[in-house]
Structures are given as structure tokens and as C-alpha cells.
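Observations on chain architecture
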Amino acid sequence: MANVAFLGLGVMGFPMAGWLSRKGHTVTVFNRTRARADKWRGQYEGSIAATPAEAARNAEIVFSCVGDDPDLRAIALGPDGALAGIRRGAIYVDHTTASADVAREIAAAGAQRGVACLDAPVSGGQAGAENGKLTVMVGGDAAAFATAEPVIRSFAHNVRLLGPAGSGQLTKMVNQIAIAGAVQGLAEALNFARKAGLDVATVIDTISKGAAQSWQMENRWKTMNDGKFDFGFAVEWMRKDLRICLQEARNNGAELPVAALIDQFYADVVGMGGHRWDTSSLIARLNRHDKG
């Protein structure tokens, strides 16, 4: 069992830190809003720190999961950030979906302090976090990964080292690019089926047994068809992720015409008031002129 810290108790971090506590690790948490940390301690065993540096001070492994690059820089590199308090030889594991640049920046800052830093974004959404079944894509030092992996598996069922610092974030970008295309394809297919007068349930039951099958089809077709969009990752966060993907593509020369187009479709969804709808709400912009 390890002495760990967890920084950031949002919809993902809250249950992830909870799993660490359930599995018997000694957990110290930090959250910018103290009430959220108090709520966490009301459900799990652990202690609360006033700053990221304080939370990190006695930890063997420090975990974080926040919103975007600026949040991550503040919680990791700020005057009271994790690296200001972390001890030499500890490991810093960040689960934020952020840029590869900030992952490398944190890794370099950690190396100067004798701290190995792993960028480790996750896939599986809120349900995956709550069920302890996340996929974790990791970049960084192999020895540090070997030490951290058993602890990460407290809330994950698939953990893989992909390469040096930044590789985890780059892999998460691949994941989001693939998801965007799959969701848009499913949205168009469902909309087409309905307009063609087909029985959508029968159509999906048929084609999901063939080459069109996907996780999105299996898990989202019905809620998409019913216009229910409160089952997962929010549109505003997907737009943040696609922004990171598109910026990286500009740097490496990759072409992402479909991802760029779908990002604009998500902008339409936001304009419809759907910034907190889940990513499957792409179908809403196709259905918006339907009368029934």
C-alpha cells in the first residue's frame, strides 16, 4: 500500500481518489473548492491538504486530474504546486487531458527535482471512473511506470506505457480524433434511418452485428435516438480536447479535416445550449428541424 496524494476532485478525480482509498492506500486530497474535498472525505477515508504542495509533501505518488493546461501548470508548477512540495524520488502522475507540450514541461521540471513525471490521460468517462474501469495511456520513464502501475490499477483495468514524456497525451489525442468521427457517423446514420422511415431499433440490431459495429453504437444509439444526452463526457470538454488535437496537428503536419469539421458541429451544439450535454449530442443538430 502506498502513501498517495490526489489533486483535483472533479467528476473524474473524485471517484478515482475514492478507489485509491477503497484499495487501502493512504490518501491526501486537495481541491480548489474546499467543500468538494469535504464531501469526498465524508465518503472515503483520507485527509485534506490546504495546497497541492502540502498534499504532495509526504506522498510516494502524487496524482492529479484537472481541466486544462493552465489548471495543470498552476497545480503542478505554481508556487504552492505539487512540485514545490514533492520529495525527491517520488512519482508524479497526471491524469488531465492536456497538451503534450505541458506534459514535457512538467517532466523536465520534475527531473530537476529528482521526480519522475508520467502523463497519464484516461478514457472511459465518468462511468469508467466510478466503476474503476478506466483505460490509462501513459508517457514517461519505464521504471517509474513499473512502480506506479499497480497503484494506478486501483481505478483502471487497462494501463499501458506508450513511450517517453508526452506519449500518453498524444495517444489520448488519437483516441479523441477516432471518437469524434465515430459519433458523427452514428449520428448521421440514425438521422438517416429515421428520415427513411425505417425501424431504428431493428436496423441497429442488424447492422451492429456487422462491420458497422462500434462501442458508440452499442452504448449510445438508443439514448441518441431518444434525445437524451446526460450519459457521459461533456461537449465543452470534447471541444477542449479537439482544440488540443488540432493544435498538435498544426505542429506535426497531420491533416484532421473531419475532426476540424466536427469541432464546428460541436460549436453548433453549444449554440443550442448543449455545452454540458454529452458528446453523443451531435445528433441534436441534425434533428433540430424535425417536427416529430
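Data block above holds the structure.
Model, not experiment: these values are computed from the prediction. (Residues numbered from 1 in each chain as written. Predicted model: local features only at pLDDT ≥ 70, side-chain atom pairs only at ≥ 80, totals over all residues. Heavy atoms only, no water.)

This brings us to the pattern of salt bridges. Within this structure, the stated rule accounts for 12 salt bridges. Arg243 is the partner of Asp68 in a salt bridge, and the nearest nitrogen-oxygen pair spans 2.5 Å. Taken together, the positions of Asp68 in the loop between β4 (61-64) and α4 (69-77) and Arg243 in helix α12 (residues 235-252) put the pair 175 residues apart, joining distant regions of the chain. Its relative accessible area of 15% is what places Asp68 among the buried residues. (Salt bridge = Lys/Arg side-chain N within 4 Å of Asp/Glu carboxyl O. Helix = DSSP H or I, 4+ residues; strand = E, 2+ residues; numbered from the N terminus. Buried < 20%, exposed > 50% of the residue type's maximum accessible area, 1.4 Å probe, protein only.)

Topologically, Thr279 is positioned in the loop between α13 (257-271) and α14 (282-287). Thr279 sits 95 residues away from Gln184 along the chain, and the two C-alpha atoms are 9.4 Å apart. Setting aside chain neighbours within four positions, we find Thr279 in contact with Val183, Phe233, Ala234, Val235, Met238 and Tyr266. (Contact = heavy atoms within 4.5 Å.)

Okay, the state of the cysteines next. Taken as a whole and judged by the stated rule, the model has 0 disulfides. Sulfur of Cys65: no disulfide; nearest cysteine sulfur belongs to Cys117 and is 16 Å away. Residue Cys65 is classed as buried on the basis of its relative accessible area of 12%. Look at Cys117 and you get buried, because its relative accessible area is 9%. (Disulfide = S-S within 2.5 Å.)

Take it as geometry only, folks, not as evidence of what the structure does.
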